[in-house]
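Architecture and fold: a report
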Amino acid sequence: MLKVGLTGGIGSGKSTVARLFRLLGFPVFDADSETKKLYHTDPLLKAALEKYFGPDIYRDGLLDRARLSALVFSDPQQLELLNTLVHPRAIAAAEAWMAQQQASYVVKEAALLFESGSAAGLDRIIGVSAPQHLRLQRAMQRDGASREEVLSRMQRQIEEPVKMRLCEHVILNDEQQLLIPQVLALHQQLLAAAI
């Protein structure tokens with residue numbers, strides 16, 4: 001089985017590409033949503049978050065995401081601490097999930113694939129690329145965020161040109177190239193490589 005990473009900057013359209021792979025019948029691990037589940041289901045992670053960010057980081061058993069965001073996004077050291085606690089647990093969850101799959105290839109979608117160290121152990125990496133103005137517009141519209149908030153998030157990720165150079169395949173989601181033919185062509189390449 002081929003293990004494929006799927007990454008891209010905020011607003012690039014990687015979730016759209018992931019949906020296309022799902023429609024083709026291939027399993028996709030959504031690192032963002034699975035990590036959100038870990039905040040509530042992983043007792044070791046919960047204990048570590050309470051230890052380092054205070055017992056009131058959970059309210060009625062639920063993570064106070066707004067409070068955690070306020071703590072970590074204003075302090076780079078706190079953000080690094082959070083990443084140190086969360087990334088290994090999320091990587092382990094993805095590896096366990098992949099071990100259960102039976103498809104020719106599986107896809108792990110993660111915005112911070114390189115930043116988190118979770119690119120290690122993957123056979124291929126696909127990058128989804130889009131111009132910054134489109135990424136900004138998409139993220140602002142999707143998240144209801146201000147331009148400054150989105151730019152701040154972008155600054156915490158590897159710059160897109162650097163990230164795309166680290167990928168074996170790049171899908172252009174620039175509203176000029178058709179997305180589906182690119183995914184179908186890449187799907188055929190992955191099937192051939194998985195044999």
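What comes next is a walk through the structure. These figures come from a predicted structure and were not determined experimentally.

Procedures and definitions
Residues numbered from 1 in each chain as written. Predicted model: local features only at pLDDT ≥ 70, side-chain atom pairs only at ≥ 80, totals over all residues. Heavy atoms only, no water. Helix = DSSP H or I, 4+ residues; strand = E, 2+ residues; numbered from the N terminus. Buried < 20%, exposed > 50% of the residue type's maximum accessible area, 1.4 Å probe, protein only. Lys, Arg positive; Asp, Glu negative; His and termini not counted. Salt bridge = Lys/Arg side-chain N within 4 Å of Asp/Glu carboxyl O. Polar contact = N/O pair within 3.5 Å; in protein donor to acceptor, adjacent residues only side chain to side chain. Contact = heavy atoms within 4.5 Å. Axes fitted to C-alpha atoms, helices over the stretch in contact; angles between N-to-C directions. Parallel < 35°, antiparallel > 145°, perpendicular 65-115°, else oblique. Nonpolar A, V, L, I, M, F, W, Y, C, P; charged D, E, K, R; others polar.

1. Points about the side chain of Lys108
- Looking at where Lys108 falls in the secondary structure, it is placed in strand E5 (residues 105–109).
- Among buried charged residues, Lys108 stands out as having no salt bridge; its nearest opposite-charge side chain is Glu95, 6.7 Å away.
- Separated by 3.4 Å, the side chains of Lys108 and Ser118 make a polar contact.
- If we ignore the near neighbours within four places in the chain, the residues touching Lys108 are Val4, Gly5, Leu6, Phe29, Ile91, Ala94, Met98, Leu113 and Ser118.

2. As for the packing of helix H4 (residues 65–72) against helix H5 (residues 76–99)
- It is at 7 Å that the axes of H4 and H5 come closest, and there the two elements cross at 125°. Taken as axis vectors, H4 and H5 run oblique relative to one another. Contact residues: Leu68, Leu71 and Val72 in H4; Pro76, Gln78, Leu79 and Leu82 in H5.
- Counted by class, the contact of H4 with H5 contains six nonpolar, one polar and no charged residues.

3. Some points on the pattern of salt bridges
- Tallying each qualifying case throughout the model produces 10 salt bridges.
- The closest approach of N and O atoms between Lys37 and Glu34, which form a salt bridge, is 3.1 Å. In this pair, Lys37 and Glu34 are both assigned in helix H2 (residues 31–41), three residues apart and thus about one turn of the helix distant.
- Look at Lys37 and you get partly exposed, because its relative accessible area is 47%.
- Between Glu115 and Lys163 there is a salt bridge; the shortest N-O distance is 3.3 Å. Taken together, the positions of Glu115 in the loop between E5 and strand E6 (124–129) and Lys163 in helix H8 (residues 160–165) put the pair 48 residues apart, joining distant regions of the chain.
- Judged by its relative accessible area of 27%, Glu115 is partly exposed.

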